[in-house]
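# Overview (structure and organization)
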Amino acid sequence: MAHSASRSRTSDSIARNGEPGGEADRARIEAAVRELLLAIGEDLEREGLQETPARVARMYAEMFSGLHADPRQLLSKTFTQKYDEMVLVRDIEFASMCEHHLLPFMGKAHIAYLPAGRIVGLSKLPRVVEALAHRPQVQERMTEELADLLMEELNPRGVAVVLEAVHTCMTIRGVRKPGGVCTTSAMRGIFRDNQATRNELMALIYGPR
Ligand SMILES: [Zn+2]
């Protein structure tokens, strides 16, 4: 069955890659940052750099904490509710790290689902976004992971995920397109199959056109 095949392919990496409840090896990050500073020709003794390796290690531990989190667990508690209209949480802010350059990309996630008798606490959705954002990521994969995760855990009639983000690896280097917003979307179930449902969603996110 296609559904279970996709789950077994993605579930482990979505659940977590690192030790559950663990965190990044900060001493090792500090050593690597010292090495990096030497490699670019910096002077480790310079006053402004004294705390930098430790500071970067703390920041990386936070930005990559999602590798040790299991977003499935956040969605494991659902409630029976006779509500079969669209649930949309708009403008969930997130910050992630592009895995190609280790530079931040940040923006907003819009998540919608059509329940089939079960709903999840609304506060859980931003936490799921954070668990997936706080990993080395690419926006396209994060969008699909969010959609697949919600389909698998909530068993709704459909899921829609739209991500809008600015990638600093685009704005500060290479093509230098400041302000370019990258939009990705993943539609599952009724959002993929039914144009009217998709139109209703887009009107709710962006306003009627
Ligand atoms: Zn990049």
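Just so you know, the residues in each chain are numbered from 1, in the order the chain's sequence is written. Confidence filtering applies because this is a predicted model: local features only for residues at pLDDT of at least 70, side-chain atom pairs given and counted only at 80 or more, and all residues used for totals across whole chains, interfaces and linings.

### Quick word on the sheet that holds strand E7 (residues 181–189)
Think of it this way: DSSP has to see at least two bridges between two strands before they count as a pair. For the purposes of this entry, the term helix denotes a DSSP run of H or I that reaches at least four residues, the term strand denotes a run of E that reaches at least two, and both are numbered from the N terminus. Taken in spatial order, the five strands make up an open sheet running E5-E2-E3-E6-E7, and their pairing is mixed. The sheet is open, and its two borders are formed by strand E5 (136–137) and E7, each paired with just one other strand. Sheet topology places strand E2 (residues 87–98) next to E5; two bridges connect them, and they run parallel. For Cys 98, the partnering residue across the bridge sits in E5 and is Gln 137.

### Topic: the nonpolar core
Definition of nonpolar core: a set of buried Ala, Val, Leu, Ile, Met, Phe, Trp, Tyr and Cys residues joined via C-beta atoms within 7 Å. In this scheme every C-beta is placed from the backbone, and a residue whose C-beta has 20 or more other C-beta atoms within 10 Å is buried, one with 12 or fewer is exposed, and one in between is partly exposed. Of all hydrophobic cores here, the largest spans 30 residues; its most connected members are Val 128, Leu 146, Val 159 and Val 161. The set of elements that each furnish at least two residues to this core consists of strand E3 (103–114), helix H5 (124–133), helix H6 (139–154) and strand E6 (158–167). Contact definition: two residues whose C-beta atoms, as placed from backbone geometry, lie within 7 Å. Filtering out sequence-adjacent residues up to four positions away, Val 161 remains in contact with Ala 109, Ile 111, Thr 143, Leu 146, Ala 147, Ser 185 and Ala 186.

### Overview of the environment of Phe 79
In this structure, Phe 79 sits in strand E1 (residues 78–80). With 11 C-beta atoms counted inside 10 Å, the residue Phe 79 sits in the exposed group. Between the alpha carbons of Phe 79 and Gly 117 there is a distance of 8.3 Å; along the sequence they are 38 residues apart.

### Regarding unusual backbone geometry
In this structure, Asp 91 takes a positive phi of about 60° despite not being glycine. Inspection of the secondary structure puts Asp 91 in strand E2. Given 10 C-beta atoms within a 10 Å radius, Asp 91 is considered exposed. At Asn 155, a position not held by glycine, the phi torsion is positive, near 45°. Tracing the backbone shows Asn 155 in the loop between H6 and E6.

### Quick look at helix H3 (residues 52–63)
The span you would expect from a helix comes to 1.5 Å times its residue count less one. Here H3 is 12 residues long and its end C-alpha atoms lie 16 Å apart, about the 16 Å a rise of 1.5 Å per residue gives. Every buried residue of H3 is accounted for by Pro 53, Ala 57 and Tyr 60. For H3, the angular spread of buried residues about the axis comes to 70°, placing them on one side. Those residues of H3 that are exposed and aimed more than 90 degrees away from the buried face are Met 59 and Glu 62. Buried residues in H3 make contact with helix H2 (26–39). Relevant arc is that of directions from the helix axis to the C-beta atoms, nothing else.

### Description of the packing of H5 against H6
Only the stretch in contact is used when fitting a helix axis, every axis being a line fitted to C-alpha atoms; angles between N-to-C directions are given from 0 to 180 degrees. Contact pair H5 / H6: the axes reach a minimum separation of 10 Å and the direction vectors enclose 135°. Of the possible angle classes, the one that applies to H5 and H6 is oblique. Once H5 is placed against H6, the crossing between them reads as right-handed. Contacts between H5 and H6 pair Val 128, Val 129, Leu 132 and Ala 133 from the former with Met 142, Glu 145, Leu 146 and Leu 149 from the latter. Should an angle lie under 35 degrees it is considered roughly parallel, over 145 roughly antiparallel, and from 65 to 115 roughly perpendicular; all remaining angles are considered oblique. Crossing chirality is assigned from the near helix's rotation relative to the far helix, an anticlockwise turn below a right angle marking it left-handed and a clockwise turn marking it right-handed.

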